[in-house]
Amino acid sequence: IVFGVWVLFAVLGVQLYMGVFWSCKDGLGFDVRTDESGCLNTTTRPGPVLWGRNTYNFDSMPSAMVSLTILAWGEGWEKFLWIAVDSEGPALPPIKNHNPAGGIFFVLFYFFGGFLALNLFAATLIDEFLHATDDLKGLTPEQKVFVQNMRIVLTAKLPPAYTPPPHKQWIRRKIFMFVNTNIFDNVISGLIILNMLIMTMEYYNMPKEYASVLNTLNTFFVIVFAAEAVIKIFAFGPRVYAQSLSNKFDFLLVIISIVAIPWDTPGTTLLRILRVFRLINRIRGLRICFTTILLSLPNLMNVLQMMMLTFFIFGVIGVQLFGRINYTDPYWVALRPYGLNANINFTSLFHAVILLFTVSTTEGWPEIMEMCTLALPGCEEDDSCGTMAAVPFFFLYLVLVACVVLNAIITTVVENFENARDVRYELLGDLR
């Protein structure tokens with residue numbers, strides 16, 4: 001279906017925009033408003049000018065397929081649109097907003113070819129991935145529910161039981177009842193959020209008086225959270241208090257915050273930021289998201305290993321194909337200022353992996369692919385020419401990484417998100 005959509009729009013694009021993506025440029029690369037004959041007439045137009053076409057165009061079916069693939073990823077598609085809107089016809093100079101209806105083609109393709117077709121392709125992969133990873137396939141729905149319930153019962157960790165102190169210790173009992181109320185939890189959660197907001201009020205070169213006020217407020221929050229820990233230890237008892245991992249985490253943050261009061265460094269600020277993780281157990285939505293990440297880690301490691309293997313394979317191939325391209329040539333830099341540079345290149349496997357990671361985000365990959373296809377004059381002498389093999393190289397890499405691997409990561413997280421939302425885990429806690 002995806003290939004059929006591409007072919008349909010490619011044929012239509014060739015019929016509509018063949019010869020349109022051409023223009024006359026002067027020696028500095030600026031557009032000169034003239035047609036092909038006027039651009040090539042050196043007697044009426046002194047100075048170096050060139051009648052050339054855009055790198056990605058619709059002059060033939062192969063060129064149209066490449067251009068549509070770039071459009072589908074949403075990379076610079078608006079440039080194609082405005083060229084079509086300003087087009088007057090083949091071998092004619094562009095006129096601003098001469099053909100407003102010409103942009104409809106690109107809007108339609110971006111919707112059907114980029115949005116629907118690519119997402120349909122990704123949805124198919126996700127469905128197959130879920131089916132392949134379903135270890136309960138072949139069982140009836142009732143049998144699946146039974147197996148899932150047994151897994152929950154066997155793997156669920158119930159929270160520690162907080163038994164109220166005896167009536168004789170009435171002060172401690174009242175404090176115990178108070179710290180287990182929603183009011184106490186909401187107040188502490190509000191103070192944590194307020195502490196985070198205070199931390200966002202710092203800025204560079206702030207007045208000393210202003211900085212002193214912020215430090216005082218941070219010290220106030222440290223005292224409040226320390227008092228909270230002391231109250232809970234008194235109410236629950238040290239042994240019961242230490243049974244909860246969240247209480248251990250809170251107490252550790254309090255100790256570190258107290259010790260770090262005399263210093264105000266990025267390290268101490270980072271420790272104060274960690275306090276926001278206390279909200280995980282207090283807000284159900286955050287707890288579900290955090291549980292989802294924990295449940296996804298084992299499968300995510302497998303997907304990440306496959307991603308690193310893909311980086312390695314394409315990195316080695318890229319070094320062999322494009323590692324000798326001289327991206328520092330002044331003519332090259334002037335011709336294509338964006339693309340390969342000292343940081344983004346194929347000169348080594350390390351740089352190749354960085355480049356491939358950049359391409360996996362679909363950021364600036366058409367310029368990189370274009371530079372890998374160019375052959376500058378004299379490049380045969382030192383074997384620094386680009387090759388058209390860059391086109392299938394980058395297309396195949398984008399399909400494998402951007403469509404398959406990244407969607408496998410999303411699928412893994414979504415699948416475990418449903419498990420994290422399973423109310424049966426919470427029911428076990430309520431029964432306790």
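Nothing here was measured: the structure is a model prediction, and the numbers come from that model. (Residues numbered from 1 in each chain as written. Predicted model: local features only at pLDDT ≥ 70, side-chain atom pairs only at ≥ 80, totals over all residues. Heavy atoms only, no water.)

Undergrad: I'm lost on a nonpolar patch on the surface in this one. Help?
TA: Residues F249, I273, V276, F277, F290, I293, L294 and L297 make up a contiguous nonpolar surface patch of about 660 Å² in total accessible area. Here the nonpolar patch gets four residues from one element, more than from any other, and that element is helix 13 (residues 284-322). (Patch = residues over 30% accessible without salt bridge, like charges linked within 9 Å, V, L, I, M, F, W, Y side chains within 5 Å. Areas by Shrake-Rupley, 256 points an atom, 1.4 Å probe, with all protein chains shown as cover. Salt bridge = Lys/Arg side-chain N within 4 Å of Asp/Glu carboxyl O. Helix = DSSP H or I, 4+ residues; strand = E, 2+ residues; numbered from the N terminus.)

Undergrad: Which parts of the structure should I look at to understand helix 1 (residues 2-17)?
TA: Working note: α-helix, 3.6 residues per turn, so residues spaced by three or four point in the same direction. For helix 1, with 16 residues, the first-to-last C-alpha span of 22 Å sits near the 22 Å given by 1.5 Å per residue. Of all the positions in helix 1, only V5, W6, F9, A10, G13, V14 and Y17 are classed as buried. Relative to the axis of helix 1, the buried residues are bounded by an arc of 155° and lie together on one face. Every exposed residue of helix 1 that faces more than 90 degrees away from the buried side is listed here: L8 and Q15. (Expected span 1.5 Å × (residues − 1). Buried < 20%, exposed > 50% of the residue type's maximum accessible area, 1.4 Å probe, protein only. Arc of directions from axis to C-beta.)

Undergrad: Where do I start with empty space enclosed by the protein in this structure?
TA: A probe as big as a water molecule, rolled over the atoms, marks out the empty space that is left. This structure, assessed with the given rule, holds one cavity of 30 Å³ or more. Taken as a whole, the largest cavity holds about 40 Å³ of empty space. Every residue lining the largest cavity is listed: F225, E228, A229, K232, Y241, N247, D250, V254 and R278. Among the secondary structure elements, those contributing two or more residues to the lining of the largest cavity are helix 9 (208-236) and helix 11 (245-259). Counting residues per element, the lining of the largest cavity draws most heavily on helix 9, at four residues. Among the residues making up the lining of the largest cavity, the classes are represented as four nonpolar, one polar and four charged. (1 Å grid on protein atoms, 1.4 Å probe; cavity = no way out; pocket = protein on both sides within 12 Å on 5 of 7 lines; lining within 4 Å. Points joined across faces, edges and corners; volume = space filled by probe spheres on them. Nonpolar A, V, L, I, M, F, W, Y, C, P; charged D, E, K, R; others polar.)

Undergrad: I tried to follow the packing of aromatic side chains on my own but got confused; where do I start?
TA: A ring pair, where both rings are aromatic, is described by two values, the distance of the centres and the angle of the planes. With the rule as written, the count across this model stands at 29 aromatic pairs. Relative to F106, the ring of F80 has its centre 6.3 Å away and its plane inclined at 35°; by these criteria the two rings are tilted. Residue F80 is located in helix 4 (residues 77-85), and its partner F106 is located in helix 5 (residues 104-133); the two are separated by 26 residues in the primary sequence. An identical accessibility class is assigned to F80 and F106; each is buried. For the pair W365 and F395, a centre-to-centre distance of 5.9 Å together with 75° between the ring planes defines the contact as edge-to-face. Here F395 lies in helix 18 (residues 390-420) and W365 lies in helix 16 (residues 365-373), a separation of 30 residues in the sequence. Exposure remark for W365: the relative accessible area of 0% places this residue in the buried category. The class for F395 is buried, based on a relative accessible area of 18%. (Phe/Tyr/Trp six-rings, centres within 6.5 Å; stacked < 30°, edge-to-face > 60°.)

Undergrad: Whenever I open this one, the side chain of T310 confuses me. Can you help?
TA: You can see T310 is positioned in helix 13. Using a relative accessible area of 11% as the deciding quantity, one classes T310 as buried. Reaching out from T310, the side chain makes a polar contact with the backbone oxygen of M306 at a distance of 2.9 Å. Apart from residues no more than four positions distant in its own chain, T310 is found in contact with Y397 and V401. (Polar contact = N/O pair within 3.5 Å; in protein donor to acceptor, adjacent residues only side chain to side chain. Contact = heavy atoms within 4.5 Å.)

Undergrad: Please explain the nonpolar core as it appears in this structure.
TA: The nonpolar side chains of soluble globular proteins are, as a tendency, buried together. In this structure, F58, F106, M369 and F394 are the most contacted members of the largest nonpolar core, which totals 60 residues. Mapped by element, the contributors of at least two residues to this core are helix 1, helix 3 (61-72), helix 4, helix 5, helix 13, helix 15 (349-360), helix 16 and helix 18. Per-element accounting of this core gives the leading share, 13 residues, to helix 18. Contacts of M369, omitting those with residues within four sequence positions, involve Y56, V66, I70, A390, V391, F394 and F395. Core analysis: the second largest hydrophobic core is formed by 18 residues, I192, A229, F236 and V254 among them. (Core = buried A, V, L, I, M, F, W, Y, C linked by side-chain atoms within 4.5 Å.)

Undergrad: Explain the packing of helix 9 against helix 11 here, please?
TA: Between two packed helices, the angle of one axis relative to the other and the distance separating the axes together describe the packing. Interhelical geometry of helix 9 versus helix 11 gives an angle of 140° and a closest axis separation of 10 Å. Taken together, the axes of helix 9 and helix 11 lie oblique to each other. Helix 11 is crossed by helix 9, and the crossing has left-handed handedness. Along the contact surface, helix 9 presents V222, F225, A226, A229, K232 and I233, while helix 11 presents N247, F251, V254, S257 and I258. (Axes fitted to C-alpha atoms, helices over the stretch in contact; angles between N-to-C directions. Parallel < 35°, antiparallel > 145°, perpendicular 65-115°, else oblique. Left-handed = near helix turned anticlockwise from the far one by under 90°.)

Undergrad: It is not clear to me how unusual backbone geometry should be interpreted in this structure. Could you clarify?
TA: Among all residues save glycine, negative phi is the norm, and among peptide bonds the norm is trans. The phi dihedral of N205 falls on the positive side, at around 60°, and the residue is not glycine. Summarising the element assignment, N205 is placed in the loop between helix 8 (182-199) and helix 9. The exposure class assigned to N205 is exposed, which follows from its relative accessible area of 63%. Residue T362 is not a glycine yet carries a positive backbone phi of 55°.

By themselves, these observations are geometric and do not establish any function.
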